[in-house]
Amino acid sequence: METIQSISYPVVFSNDFTAVNLFLQQGKYSKIFFLVDEKTEKFCLPMLLSNLDITDYDLIEVSSGEENKNIDFCIGIWRMLIDFKADRNSLLINVGGGVITDMGGFAASTFKRGIDFVQVPTTLLSQVDASVGGKTGIDMNHLKNIIGTFAQPKAVFINADFLKTLPTRQLVSGFAEMLKHGLIADRNYFYLLKEVSPENVSPAMVHHSVNLKNNVVLEDPEEKGLRKTLNFGHTVGHAIESFSLKNDPDPLLHGEAIAVGMVCEAYLSTRKNGLSKQEFDIIVQTFKQFYKKYTVKEVWVPVLVDLMKSDKKNSSGNINCSLLTQIGQCTIDNYCNEEELCASLLFYLNC
Ligand SMILES: NC(=O)c1ccc[n+]([C@@H]2O[C@H](COP(=O)([O-])OP(=O)(O)OC[C@H]3O[C@@H](n4cnc5c(N)ncnc54)[C@H](O)[C@@H]3O)[C@@H](O)[C@H]2O)c1
């Protein structure tokens, strides 16, 4: 499958690791580090290492899960880099889902004012969305990605074989970002995905999603305009995700929370942005088909709206949403007031 050229780096799609070997054989790195969590160490690293011609590397492991995408684990990464004597010519290879690629990218972009890093995304969500576009970061005080940088990797290597060990729930979570790509930019793609189950996503669909995201990112790398469309579902979704992480014993996954956010923001789209009732119903039915209902209780609604007020996308205290005008088209900088956001959550609660 064709390599996609992003801002300053290639996104390579391959079921072997020839391109990774070629990249490493350029030999410009003094030291190579792999960042993994306990699951990617078990399920992904052996396949990667057995196909690479390198023996000299150091391994950094963090615990898996969004709750660990924080400054403490980041300090752990920096400490290991220091202990293993990483210098400015070192390379960090992030092998994992969006938590690893976001946090590893952040750790690399700030260590010694920035060392090179490469993304090897191993979940559906990180392959179709998180690994491309140069957003790195960590959570703090239950606020999603509130600390972070824009920093571009040297390369992204996407291998569909990694998805074979991914649990179904994680595939369904990643599928939400693919549905988002269709909703904001490609009507036919949305209708195609609607008929596919997340377990049957093809490498061509992963490629198509990356291409859609990349086209947006190339036009607006620093999210001054068009790139904000990728935030559809994320104003409400991030609040739901933060809330769930803080309060639920088995918190929602990122994509599951964004799915709730997309239903709420589709509601706002009909109310404020001209999305037709007919298309709204199709969107709601699609999410009902793939996602279990998250039980939002009425008493939580003000807490969720408070979380939205801290969203990093806001400006001058206004809560900012990207909303659909129709399936396949999205507009940015739609300011929503508390009453509208409460109404969207109450709609979800009752739908
Ligand atoms: N930077 C961006 O542009 C961007 C975009 C979207 C999402 N994100 C971020 O991505 C994160 C979510 O990423 P995620 O959904 O990949 O979650 P994740 O990184 O937590 O990975 C999900 C789980 O799958 C495990 N895993 C990873 N690969 C596996 C494999 N091949 N086989 C078996 N298990 C495997 C992980 O250990 C983890 O337990 C969120 O923090 C979100 O904010 C970032």
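Sequence order as written defines residue numbering, which begins from 1 separately in each chain. In keeping with the predicted nature of the model, local features appear solely for residues at pLDDT of at least 70, side-chain atom pairs appear and are counted solely at 80 or more, and the whole-chain, interface and lining totals rest on all residues. Values reported for side chains reflect all heavy atoms of the structure, with hydrogen atoms and water molecules removed beforehand.

Peer 1: Help me get a handle on the pattern of salt bridges, residues and values and all.
Peer 2: Opposite charge on two side chains allows them to pair when their charged atoms are near. Note on definitions: salt bridges are taken to be side-chain nitrogens of Lys or Arg within 4 Å of carboxyl oxygens of Asp or Glu. Scanning the model with the defined rule gives 21 salt bridges in all. Residues Arg169 and Glu256 are paired through a salt bridge, measuring 2.8 Å at the closest nitrogen-oxygen approach. With Arg169 in helix α7 (residues 168–185) and Glu256 in helix α11 (residues 254–272), the pair connects residues that are 87 residues apart, well separated along the chain. Burial status follows relative accessibility: with a 1.4 Å probe on protein chains alone, a residue under 20% of its type maximum counts as buried, one over 50% as exposed, and anything between as partly exposed. For Arg169, a relative accessible area of 33% corresponds to the partly exposed category. Note that Glu338 and Lys309 form a salt bridge whose closest N and O atoms lie 3.0 Å from each other. Put simply, DSSP H or I for four residues or longer makes a helix, DSSP E for two residues or longer makes a strand, and each gets a number counted from the N terminus.

Peer 1: Outline the domain arrangement of the chain, listing residues and values.
Peer 2: Under the domain assignment used here, the chain contains domain 1 (4–165) and domain 2 (168–350). Domain segmentation is taken from an automatic or database assignment of domains. Measuring from the centre of the C-alpha atoms in domain 1 to the corresponding centre in domain 2 gives 26 Å. Each side of the interface is counted separately: domain 1 has 24 residues, and domain 2 has 34 residues. Throughout, buried area stands for the accessible area (probe radius 1.4 Å) lost by two parts on being put together, summed over both. Note on domain 1 versus domain 2: buried area summed over both sides is about 2,600 Å², and carbon and sulfur give 70% of it. When the buried area of domain 1 at its contact with domain 2 is split by residue, Leu124, Val128 and Lys144 rank highest and sum to 23% of it. Between the two partners, domain 1 and domain 2, sit four salt bridges. As a salt-bridge pair, Glu223 and Lys135 come within 2.5 Å of each other at their nearest N and O atoms. Residues are treated as being in contact if the distance between any of their heavy atoms lies within 4.5 Å.

Peer 1: So what's going on with the packing of aromatic side chains? Which residues, and what values?
Peer 2: Ring geometry is summarised as follows: Phe, Tyr and Trp rings, the Trp one being its six-membered ring, pair when their centres sit within 6.5 Å, and such pairs are stacked at plane angles under 30 degrees, edge-to-face over 60 and tilted between the two. A full pass over the atoms with the stated rule returns 14 aromatic pairs. Consider the rings of Phe34 and Tyr57, whose centres lie 5.3 Å apart with planes at 90 degrees: the pair is edge-to-face. Of the two residues, Phe34 is situated in strand β3 (residues 31–37) and Tyr57 in the loop between α3 (45–50) and β4 (58–62); the sequence distance between them amounts to 23 residues. By way of ring pairs, the aromatic residues Phe23, Tyr29 and Phe157 are connected into one cluster.

Peer 1: Account for the packing of helix α8 (residues 187–194) against helix α9 (residues 203–219), with residues named and values stated.
Peer 2: The relative placement of two packed helices is expressed as an angle between their axes plus a distance between the axes. Contact geometry of α8 with α9 gives a least axis separation of 12 Å together with a crossing angle of 150 degrees. If you check the angle between α8 and α9, you find them roughly antiparallel. Viewed along their axes, α8 and α9 form a crossing whose handedness is left-handed. Where α8 abuts α9, its residues Tyr189, Leu192 and Leu193 lie against Met205, His208, Ser209 and Leu212. Residue composition of the contact of α8 with α9, by class: five nonpolar, two polar and no charged. Whenever a helix is involved, its axis is fitted only over the stretch in contact; in every case the axis is a line through C-alpha atoms, and angles between N-to-C directions fall within 0 to 180 degrees. Working definition: roughly parallel below 35 degrees, roughly antiparallel above 145 degrees, roughly perpendicular at 65 to 115 degrees, and oblique for all remaining angles. Two helices crossing with the near one rotated counterclockwise from the far one by less than a right angle form a left-handed crossing, whereas a clockwise rotation gives a right-handed crossing. Polarity classes work like this: nonpolar for Ala, Val, Leu, Ile, Met, Phe, Trp, Tyr, Cys and Pro, charged for Asp, Glu, Lys and Arg, and polar for all others, with Gly in that last group.

Peer 1: Requested: an account of the site of the ligand, with residues and values cited.
Peer 2: One heavy atom within 4 Å of a molecule or strand makes the whole residue count as near it. With respect to spatial proximity, 27 residues lie near the ligand, and among them Asp37, Glu66, Lys69, Thr123 and Thr165 are the closest. Here a polar contact is recorded for every N or O atom pair within 3.5 Å, except that within protein the pair must consist of a potential hydrogen donor and a potential acceptor, and residues adjacent in sequence are included only if both atoms are side-chain atoms. Thr123 is positioned such that a nitrogen or oxygen atom in its side chain is 2.6 Å from an oxygen atom of the ligand. One nitrogen or oxygen atom from the side chain of Lys144 is found 2.8 Å from an oxygen atom belonging to the ligand. Here the accessible surface of atoms and residues is derived via Shrake-Rupley with a 1.4 Å probe, and residues count as covered only by protein chains that are part of the display. A total of 870 Å² of accessible area belongs to the ligand in isolation, and the protein chains cover 93% of it. Within the residue set of the shell around the ligand, elements represented by two or more residues are α2 (38–43), α5 (98–110), α6 (124–130), β8 (143–150) and α7.

Peer 1: Talk me through the environment of Phe280; I want residue IDs and the actual numbers.
Peer 2: Within the secondary structure layout, Phe280 lies in helix α12 (residues 277–290). Between the alpha carbons of Phe280 and Leu179 there is a distance of 14 Å; along the sequence they are 101 residues apart.

Peer 1: Describe a nonpolar patch on the surface, naming the residues involved and giving the relevant values.
Peer 2: Residues form patches when they are more than 30% accessible in relative terms and have no salt bridge. Like charges link within 9 Å. Nonpolar side chains (Val, Leu, Ile, Met, Phe, Trp, Tyr) link within 5 Å. Judged by side-chain polarity, Met140, Ile146 and Ile147 come together as a nonpolar surface patch covering roughly 210 Å² of accessible area. With respect to the helices and strands, the residue Met140 is situated in strand β7 (residues 135–140). Among the residues examined, Met140 registers a relative accessible area of 41% and is labelled partly exposed.

Peer 1: Please set out the sheet that holds strand β5 (residues 90–96) residue by residue, giving values where relevant.
Peer 2: What the seven strands build is an open sheet, ordered β1-β2-β9-β6-β5-β3-β4; its pairing is mixed. Edge positions in the sheet fall to β1 (4–5) and β4, since each of these pairs with one other strand and no more. Any two strands with at least two DSSP bridges between them are considered paired. As defined by bridge partners, strand β2 (residues 10–13) adjoins strand β9 (residues 155–158) across three bridges and the pair is classed as parallel. Counterpart to Val11 in the pairing with β9 is Val156. Running over the sheet, helix α1 (residues 18–25) touches β2, β3, β5, β6 (116–121) and β9 and is turned about 155 degrees from β9. Against the sheet, α5 contacts β3, β4, β5 and β6, and its axis sits at roughly 165 degrees relative to β5.

Peer 1: Please provide a residue-by-residue account of the pairing of β2, values included.
Peer 2: Note: β1 against β2, two bridges, orientation antiparallel. Opposite Gln5, over in β2, you have Pro10 as the bridge partner. Counted along the chain from β1 to the antiparallel partner β2, the turn is four residues long.

Peer 1: Got a sec to walk through the packing of helix α13 (residues 301–309) against helix α14 (residues 338–350)? Specific residues and values, please.
Peer 2: With their axes 10 Å apart at the nearest point, α13 and α14 run at an angle of 125 degrees to one another. Our classification of the angle between α13 and α14 gives oblique. Note on packing geometry: the crossing formed by α13 with α14 is right-handed. Counted together, Val301, Leu304, Val305, Met308 and Lys309 of α13 and Glu338, Leu341, Cys342, Leu345 and Leu346 of α14 form the full contact between these two elements. Classifying every residue of the contact of α13 with α14 by side-chain character gives eight nonpolar, no polar and two charged.

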